[in-house]
Amino acid sequence: MAQQSDQFKKVISHAKEYGFVFPSSEIYDGLSAVYDYAQNGVALKKNIREYWWKSMVQLNENIVGIDSAIFMHPTIWKASGHVDAFNDPLIDNKVSKKRYRADVLVEDYVAKIEAKVEKEVSKAAKRFGDSFDEAQFKSTNPRVVGYQEKAVAILKRLGQSLEKEDLVDVKALIEELEISCPESGSRDWTEVKQFNLMFGTKLGASADSAMDLYLRPETAQGIFVNFLNVQKTGRMKLPFGIAQTGKAFRNEIVARQFIFRMREFEQMEMQFFVKPGTQKEWYEHWKETRLKWHKSLGMGDENYRFHDHDKLAHYADAASDIEFNFPFGFKELEGIHSRTDFDLKAHEEFSGKKLQYFDHEDNTSYTPYVVETSIGLDRMFLAVFSNSLVEEELDNNTTRTVLKLPAVLAPTKAAVFPLLKKDGLPEVARQIIEDLKWDFNVFYDEKDAVGKRYRRQDAAGTPFCITVDHETLDNNTVTIRHRDTMEQQRVNISELKAIINKEVDAKNWLTTM
Ligand code: ATP
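Residues numbered from 1 in each chain as written. Predicted model: local features only at pLDDT ≥ 70, side-chain atom pairs only at ≥ 80, totals over all residues. Heavy atoms only, no water.

Moving on, we get to the site of the ligand. Inspection of the region around the ligand gives 17 residues, with Glu252, Arg261, Met262, Glu332 and Leu333 positioned closest. In the environment of the ligand, a nitrogen atom lies 2.8 Å from a nitrogen or oxygen atom belonging to the side chain of Glu252. Measuring from an oxygen atom of the ligand, one finds a side-chain N or O atom of Arg379 at 3.0 Å. Within the complex, the protein chains bury 86% of what would otherwise be the 580 Å² of accessible surface of the ligand. Mapped by element, the contributors of at least two residues to the shell around the ligand are strand E10 (264-274), strand E13 (329-340) and strand E16 (369-376). When its residues are assigned to classes, the shell around the ligand shows 5 nonpolar, 5 polar and 7 charged. (Near = heavy atom within 4 Å. Polar contact = N/O pair within 3.5 Å; in protein donor to acceptor, adjacent residues only side chain to side chain. Areas by Shrake-Rupley, 256 points an atom, 1.4 Å probe, with all protein chains shown as cover. Helix = DSSP H or I, 4+ residues; strand = E, 2+ residues; numbered from the N terminus. Nonpolar A, V, L, I, M, F, W, Y, C, P; charged D, E, K, R; others polar.)

This is the structure in structure tokens:
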């Protein structure tokens with residue numbers, strides 16, 4: 001991303017100002033594409049992880065979790081194909097000396113064509129009003145049809161060239177489309193080269209006995225190599241799944257999109273083992289289930305779309321991304337991949353150990369097929385955070401910045417304020433904190449006028465503010481203010497827990513799925 005939109009810039013600065021995300025090693029001027037989660041960020045991240053874990057593991061009796069090590073035997077990455085094929089095609093611009101992913105340059109070009117289609121559609125929608133039929137317009141308007149055909153043809157050619165490893169044709173495509181460097185505007189490009197994304201490191205004390213290792217570029221392989229251990233010790237019957245969340249590392253070439261593309265990031269993956277021949281059905285099942293999970297958070301159904309792959313990875317027989325409408329457009333948030341029996345078969349071959357399932361119903365042994373769901377936790381964080389950040393015009397001609405995080409994910413569920421710092425009000429507020437803190441993350445604040453305290457909590461995404469005033473001393477009631485509506489209710493202190501719980505309880509969110 002050469003230029004960041006204003007909204008994206010606001011997201012990045014808000015994330016820093018309100019203690020969500022800091023650049024790593026900032027006092028040393030930072031480290032490229034590496035970030036630290038701050039006091040609020042770590043809580044939001046944990047809540048997203050838990051929301052995922054609950055829906056995938058806790059609510060499915062045939063899915064269990066593991067936590068495998070980041071260091072793994074180096075042959076694993078030979079077997080998985082990462083040593084030979086985990087490459088990105090890169091190209092340098094000779095004038096700006098900037099390095100790009102060649103496929104991303106082409107995809108960005110296509111995104112611009114798609115934006116033109118969207119523009120034509122919204123113009124036509126205005127012109128035709130209620131009688132507008134979008135599908136008909138898209139299939140009949142000559143200009144729009146032309147754009148769409150062009151986009152499809154470009155992506156098809158890119159897919160085919162990458163699959164054949166025909167990097168000369170990828171460069172030819174960039175030249176034919178007259179794609180220029182976003183930074184310098186120059187069209188003077190180097191050849192396209194492959195670049196392996198794995199980080200290497202060493203295990204062991206002495207130089208001669210040290211073993212070359214890789215930092216894992218995905219968590220999935222830790223699941224495959226434990227497949228039989230889990231199946232046997234958990235007495236799991238097919239179909240069943242193994243889930244894990246954890247760090248992955250990729251030496252990304254283009255990493256300029258904040259936490260969208262990092263060099264150290266966290267994945268939440270689930271590998272679902274199925275009987276061969278049923279993978280298509282399970283692939284469709286997980287596509288739908290994962291989309292519903294996203295939609296359960298109420299961030300706007302129109303902000304999601306599937307992107308089915310033409311170009312398939314070496315291990316897949318079908319693959320689709322769930323794309324989200326980030327501040328810089330629709331981009332991959334999660335991948336759903338039908339991985340066939342590639343991984344288990346490869347580990348059988350490289351390790352010499354059998355990784356088969358004995359099916360008691362059929363009395364046969366076979367290698368299961370696998371359907372994977374793989375989502376980046378940091379990308380999900382960015383989706384939630386950027387979608388929630390809004391600038392609202394108020395009736396009195398002022399604006400407020402509010403982070404409308406889904407309440408189930410909000411780092412702090414309620415802030416408690418004494419109206420004044422005297423007359424015994426702080427003591428009552430503290431008592432409320434003491435009571436609520438066993439169930440929720442709560443925050444005490446007595447500084448500044450209440451209006452200012454409300455604004456601070458709005459900007460940090462806290463769904464409720466509770467204010468203790470003099471009336472509280474008489475009748476045990478407080479005001480509870482709702483972040484999104486700014487409405488205030490007078491309620492008894494004893495009702496607080498239930499009011500908060502109703503809005504933050506994952507059950508109420510996940511049962512809308
Ligand atoms: P991309 O095409 O954006 O590089 P990918 O197709 O290589 O992503 P997968 O290997 O399918 O990604 O990984 C699964 C998920 O992990 C992605 O959908 C994304 O959410 C997340 N992810 C992948 N790479 C990164 C990264 N560098 N930083 C943050 N999240 C990432």
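After that view of the structure, there is still more to cover.
A few words on the sheet that holds strand E3 (residues 63-65). Strand pairs in the sheet, formed through backbone hydrogen bonds, run parallel or antiparallel to each other. Read from one edge of the open sheet, 7 strands run E3-E9-E10-E16-E13-E12-E11, paired in mixed fashion. Where the open sheet ends on each side, the last strands, each with one partner, are E3 and strand E11 (304-308). Strand-to-strand twist in this sheet, taken as the mean axis angle between neighbours without regard to direction, amounts to 25°. (Pairing = 2+ DSSP bridges. Axes fitted to C-alpha atoms, helices over the stretch in contact; angles between N-to-C directions.)

Packed helices, taken two at a time, are described by the angle their axes make and the gap between the axes. Running from N to C, helix H5 (residues 102-128) and helix H7 (residues 142-163) cross one another at 165°; their axes reach a closest spacing of 9 Å. With respect to H7, the axis of H5 lies roughly antiparallel. Crossing geometry of H5 relative to H7 is assigned as left-handed. Packed against H5, whose contacting residues are Asp103, Val106, Glu107, Tyr109, Val110, Ile113, Lys116, Val117 and Glu120, the element H7 presents Arg143, Val144, Tyr147, Gln148, Lys150, Ala151, Ile154, Leu155, Leu158 and Leu162 at the interface. Across the contact of H5 with H7, the residue classes tally to 12 nonpolar, 1 polar and 6 charged. (Parallel < 35°, antiparallel > 145°, perpendicular 65-115°, else oblique. Left-handed = near helix turned anticlockwise from the far one by under 90°. Contact = heavy atoms within 4.5 Å.)

Time to look at the layout of surface pockets. Volume-wise, the second largest pocket comes out at about 400 Å³. What lines the second largest pocket is a set of 17 residues, among which Asn47, Glu50, Val408, Lys413 and Val504 lie closest to the centre. Looking at the lining of the second largest pocket, the elements that each hand over two or more residues are helix H2 (39-58) and helix H17 (496-504). When residues in the lining of the second largest pocket are grouped by element, the largest group, 6 residues, is from H2. Classifying every residue of the lining of the second largest pocket gives 8 nonpolar, 3 polar and 6 charged. (1 Å grid on protein atoms, 1.4 Å probe; cavity = no way out; pocket = protein on both sides within 12 Å on 5 of 7 lines; lining within 4 Å. Points joined across faces, edges and corners; volume = space filled by probe spheres on them.)

So yeah, pure geometry; function would need other evidence.
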